[in-house]
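A look at the structure
Listed below are the residues making up each chain.
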Amino acid sequence: MTGSEFFQRDRTLHPPALTPNYKTSVKRSPQHALLSLECSMSEMTGPRFGHGDLGPLDNDLIRNYAHGGEPVGERIVVHGRVLDETGRPVPGTLVEFWQANAGGRYRHKKDTYLAPIDPNFGGCGRTLTDAEGRYHFRTVKPGAYPWRNWVNNWRPAHIHFSVFGTGFAQRLITQMYFEGDPLIPHCPILAAIPDREALAQLIAPLDLNASIPLDSLAYKFDIVLRGRRSTLFENRLEGN
Amino acid sequence: MVQPLDYIRETASQTAGPYVHIGLAPGAAGFAIFENELGRDIAGPNAAGERIRVEGRVFDGTGAPLRDVLIEVWQANAAGIHASPEDPRHGEVEEGFRGWGRVISDFDTGRFAFETVKPGAVPGRGGKPMAPHLNLWIVARGINIGLSTRMYFSDEPVANAADPVLGLIENPARWPTLIAAREERDGMALYRFDIRLQGVNETVFFDV
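Right, let's walk through the structure included here. Just so you know, these numbers come straight off a predicted model, no measurement behind them.

For the rest of this paragraph, the subject is the overall build of chain A. For chain A, the helix and strand inventory stands at three helices and 12 strands. For chain A, the C-alpha radius of gyration of 19 Å lies close to 18 Å, the compact-globule estimate for 240 residues. Taking the principal axes of the C-alpha coordinates as reference, chain A spans close to 60 × 40 × 35 Å. When each of the 240 residues of chain A is scored for burial, the buried share is 55%. Summed over its atoms, the accessible surface of chain A is roughly 10600 Å², and 55% of this surface lies on carbon and sulfur atoms. Taking the 27 positively charged and 25 negatively charged side chains of chain A as two groups, their mean positions are separated by 7 Å.

As structure tokens, this is what we get:
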């Protein structure tokens, strides 16, 4: 796959920069059109990570910040695959995740929501995908929380994801939501996505087959990164 | 009807939010959880080339600095090679050079700063070299999809003038938004680079 370019990003399925109902975007959105670049070495390459970068509990949010107890909340496993747009797995790539605790409070010095910090919950983790692009981690289901946008906006329960892929042009941050959450249709951040199918792709279904009887429920969340072109009659970067 | 094209679609982006530090820079969020927080050291101890410092702020459309922004840096080493298997010369990169890092703005002042080595020219398309540059990816609350830009160096006027990416910018008045100004401080090269998300002198952002 070395040296092959990425598919053009389909920006019609991503939220645009300016989405006035998500108020913070109003003054943080560029007004000039983005300048389109064909892939060069700067975009086709990207950082790689190995198991030496990670610790043994990094994908276990129930234990990675436990101080003499376990976090409060509904125990869940989140699993899925990282694929590209051709459906091929993306192996060995870094997946990072962060979230609020079961009460909807983040362990962050800027979060002042009245729900309490959980002394046994940090709220972040990371893992590498395996050879088939699979990842999994264990956590507690995050709670909904209010935020200042309109006077009564609530974020649906969600987990933030950061994914790398093989080239820096695949870099992606997104959020995973939970099947059946009644707050989903009311969220201005989710509603920023103009494409209904793209929005649905962020909602993880309950996966009873992956749950652990008498222990944890499970949700499945696949993440799709941009595809790379095959090398059929490829424009060679160094010139034809 | 025709045969279906069996591609699947890219996952949509969502904002990194105000608490991005928890996931990507937990030390800054106020707690230590990982033995190894990633992205603290861009160049590593063995990298050849000139050691440089970059300082700046990211401004919103009202002129206020963002105090909750996270920037990722991706760059080649001083020989213009990326530490990535996609680069055919990656085996020549110095031990410990990753060329990637994470930088956050100060919660009070919005200032960011990082140290690295100055990259070399990188092969571009069609054999045209690209002037030395850093690739920057910017995420924050209120940014729905990460913003890509580049930082070029003011002491490379000849290479910058021939750079194929800078050459795509139709309005020359926008060039300076991508060029960091060099000065010296305590015997070290310091580059000042401010990013403006919107308004007068809006930074050039790329669809890569």
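Further notes follow.
Looking along a regular strand, one sees side chains alternate from face to face of the sheet. Residue and element names in this part refer to chain A. Among the seven residues of strand β9 (residues 172–178), seven are classified as buried, and the element is accordingly described as predominantly covered. Neither face of β9 is left uncovered, since the one carrying Leu172, Thr174, Met176 and Phe178 and the one carrying Ile173, Gln175 and Tyr177 both have all their residues buried. Relative to strand β10 (residues 203–204), β9 runs parallel, the two sharing two bridges. By the bridge assignment, Phe178 is partnered in β10 with Ala204.

All names here are of chain B. According to the stated counting rule, one finds 33 salt bridges over all chains in the structure shown. Close ionic contact of Arg185 with Glu55 constitutes a salt bridge, the shortest N to O distance being 2.5 Å. Here Arg185, found in strand β9 (residues 179–185), pairs with Glu55, found in strand β1 (residues 51–59); they are 130 residues apart in sequence, far enough to count as distant. Under the relative-accessibility criterion, Arg185 is labelled partly exposed at 35%. Of the charged contacts in the structure, one is a salt bridge between Glu55 and Arg192, with a shortest N-O distance of 3.4 Å. Linking Glu55 in strand β1 with Arg192 in strand β10 (residues 188–192), this pair joins segments that are 137 residues apart in sequence. Residue classification places Glu55 among the buried positions, given a relative accessible area of 14%. By relative accessible area, Arg192 is classed as partly exposed at 38%. Because the salt bridges share partners, they merge into one network encompassing Glu50, Lys118, Asp155, Glu156, Arg182 and Glu184.

Now for the side chain of Ser40 of chain A. Inspection of the secondary structure assignment puts Ser40 of chain A in the loop between β1 (35–36) and α1 (41–44). Residue classification places Ser40 of chain A among the buried residues on the basis of a relative accessible area of 4%. Engagement of the side chain of Ser40 of chain A in a polar contact is seen with the side chain of Arg150 of chain B, the distance being 3.4 Å. Ignoring anything within four residues of it in the chain, the contact list for Ser40 of chain A reads Met130 and Arg150 of chain B.

Here Leu214 of chain A, not a glycine, exhibits a phi torsion of approximately 65 degrees, which is positive. Tracing the backbone shows Leu214 of chain A in the loop between β10 and β11 (217–220).

Our next topic: the packing of aromatic side chains. Taken as a whole and judged by the stated rule, the model has 18 aromatic pairs over all chains. Judged by centre distance (5.8 Å) and plane angle (70 degrees), the rings of Tyr22 of chain A and Trp147 of chain A are edge-to-face. Of the two residues, Tyr22 of chain A is situated in the segment before β1 and Trp147 of chain A in strand β6 (residues 145–147); the sequence distance between them amounts to 125 residues. On the basis of relative accessible area, Tyr22 of chain A is assigned to the buried category, the value being 2%. A relative accessible area of 15% means that Trp147 of chain A is categorised as buried. Members of the aromatic cluster, each reached through a chain of ring pairs, are Phe97, Tyr135, Phe137, Phe161 and Phe221 of chain A. Of note, Arg171 of chain A hangs over the ring of Phe164 of chain A, and the distance from its end group to the ring centre comes to 3.8 Å. Seen from the ring of Phe153 of chain B, Lys118 of chain B lies directly overhead, with NZ or CZ sitting 5.4 Å from the centre.

All names here are of chain B. Structurally, the position occupied by Met151 is in strand β8 (residues 147–153). Exposure remark for Met151: the relative accessible area of 0% places this residue in the buried category. Sequence separation between Met151 and Tyr191 is 40 residues; the distance between their C-alpha atoms is 9.8 Å. For Met151, the residues in contact, after removing those within four places along its chain, are Val54, Pro132, His133, Leu134, Leu136, Leu178, Ala180, Tyr191 and Phe193.

Right, let's get into the nonpolar core. The biggest cluster of nonpolar side chains holds 36 residues, and the ones touching the most others in it are Val78, Phe161, Met176, Phe221 and Ile223 of chain A. Those elements that provide at least two residues to this core are β2 (75–84), β3 (94–99), β5 (134–140), β8 (158–163), β9, α2 (188–191) and β12 (223–225) of chain A. Counting residues per element, this core draws most heavily on β9 of chain A, which supplies four residues. Among the nonpolar cores identified, the runner-up in size contains 28 residues, and Tyr106 of chain A together with Val20, Ala29 and Ile33 of chain B belong to it.

A word on the side chain of Ser162 of chain A. Counting through the fold element by element, Ser162 of chain A comes out in strand β8. Within polar-contact distance, the side chain of Ser162 of chain A engages the side chain of Arg171 of chain A at 3.0 Å.

A few words now on the interface of chain B and chain A. On the side of chain A, 94 residues touch chain B, which itself brings 77 residues to the contact. Contact between chain B and chain A buries roughly 7800 Å² in total, counting both sides, with carbon and sulfur atoms accounting for 56%. On the chain B side of the interface with chain A, the three residues burying the most area are Glu10, Gln14 and Arg125 of chain B, jointly 12% of the side's total. At the boundary of chain B with chain A, the tally comes to 12 salt bridges. With a closest N to O distance of 2.6 Å, Arg171 of chain A and Glu72 of chain B form a salt bridge. On inspection of chain B and its partner chain A, the count reaches 48 residue pairs in polar contact (both at pLDDT 80 or more). Of all the elements, helix α1 (residues 20–24) of chain B adds the most residues to the side of chain B that touches chain A, at five residues. The residue makeup of the side of chain B that touches chain A, split by class, is 41 nonpolar, 20 polar and 16 charged. One ladder, built from two bridges, connects β1 of chain A with strand β12 (residues 206–207) of chain B; its direction is parallel. Looking across to β12 of chain B, one finds that Ser36 of chain A is bridged to Asp207 of chain B.

Reading the values: rules and limits
Residues numbered from 1 in each chain as written. Chains lettered and ligands numbered in written order. Predicted model: local features only at pLDDT ≥ 70, side-chain atom pairs only at ≥ 80, totals over all residues. Heavy atoms only, no water. Helix = DSSP H or I, 4+ residues; strand = E, 2+ residues; numbered from the N terminus. Rg over C-alpha atoms; globule rule 2.2 N^0.38 Å. Buried < 20%, exposed > 50% of the residue type's maximum accessible area, 1.4 Å probe, protein only. Areas by Shrake-Rupley, 256 points an atom, 1.4 Å probe, with all protein chains shown as cover. Lys, Arg positive; Asp, Glu negative; His and termini not counted. Charge placed at Lys NZ, Arg CZ, Asp CG, Glu CD. Pairing = 2+ DSSP bridges. Salt bridge = Lys/Arg side-chain N within 4 Å of Asp/Glu carboxyl O. Polar contact = N/O pair within 3.5 Å; in protein donor to acceptor, adjacent residues only side chain to side chain. Contact = heavy atoms within 4.5 Å. Phe/Tyr/Trp six-rings, centres within 6.5 Å; stacked < 30°, edge-to-face > 60°. Lys NZ or Arg CZ within 6 Å of the ring centre and 35° of its normal. Core = buried A, V, L, I, M, F, W, Y, C linked by side-chain atoms within 4.5 Å. Buried area = accessible area lost by both parts, 1.4 Å probe. Nonpolar A, V, L, I, M, F, W, Y, C, P; charged D, E, K, R; others polar.

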